[in-house]
Amino acid sequence: MLIRICMGSACYVLGASKIAKRLQELIDEKALADSIDFKASFCMGPCSEGVVVEVDGQRHCRLSPENVEEFFQREILNQIEKRSDR
Ligand code: FES
């Protein structure tokens, strides 16, 4: 799984670095570092909808330090579980 987080200036101001730090912690806590490639990105375009994160090319907007855990559960853990069920 490839996860990219926007570190452009608009997203940065909205807390992208905090979100990136928390996502990295969650990836480490769940021992998923081997399954997830986690990268920072330049501006992805929809700056007014930041913070923007892409999961395997699918864009998710309006992440915040408050909803990052719920996002991780829904869009990352659930997806990984679905794939391992196949
Ligand atoms: S700064 Fe994140 S989309 Fe532009």
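Right, let's walk through the structure included here.

What counts as what
- Residues numbered from 1 in each chain as written.
- Predicted model: local features only at pLDDT ≥ 70, side-chain atom pairs only at ≥ 80, totals over all residues.
- Heavy atoms only, no water.
- Helix = DSSP H or I, 4+ residues; strand = E, 2+ residues; numbered from the N terminus.
- Pairing = 2+ DSSP bridges.
- Axes fitted to C-alpha atoms, helices over the stretch in contact; angles between N-to-C directions.
- Contact = heavy atoms within 4.5 Å.

## Some thoughts on unusual backbone geometry
At step 1: With an omega of 5 degrees, the peptide bond between Gly50 and Val51 qualifies as cis.
At step 2: Along the chain, the position of Val51 falls in the loop between β2 (37-41) and β3 (53-55).
At step 3: Not every positive phi belongs to a glycine, and Ala31 is a case in point at roughly 55 degrees.
At step 4: Here Ala31 shows up in the loop between α2 (16-29) and β2.

## Brief notes about the pairing of strand β1 (residues 2-6)
Along any regular strand, the residues point their side chains to alternate faces of the sheet.
At step 1: Inspection of the sheet shows β1 paired to β2 by five bridges, in the parallel sense. Opposite Leu2, over in β2, you have Asp37 as the bridge partner.
At step 2: Pairing of β1 with β3 involves three bridges; the strand directions are antiparallel. Bridge pairing links Ile5 to Val53 in β3.

## Comments concerning the sheet that holds strand β4 (residues 58-60)
At step 1: Spatially, the four strands line up as an open sheet ordered β2-β1-β3-β4, and their pairing is mixed. Two strands in the sheet have a free side with no partner beyond their single neighbour: β2 and β4. Between one strand and the next, the sheet's axes are offset by a mean angle of 20 degrees, whatever the strand orientation.
At step 2: Sheet strands in contact with helix α3 (residues 68-85) are β1, β3 and β4, and its direction is about 30 degrees off that of β3.

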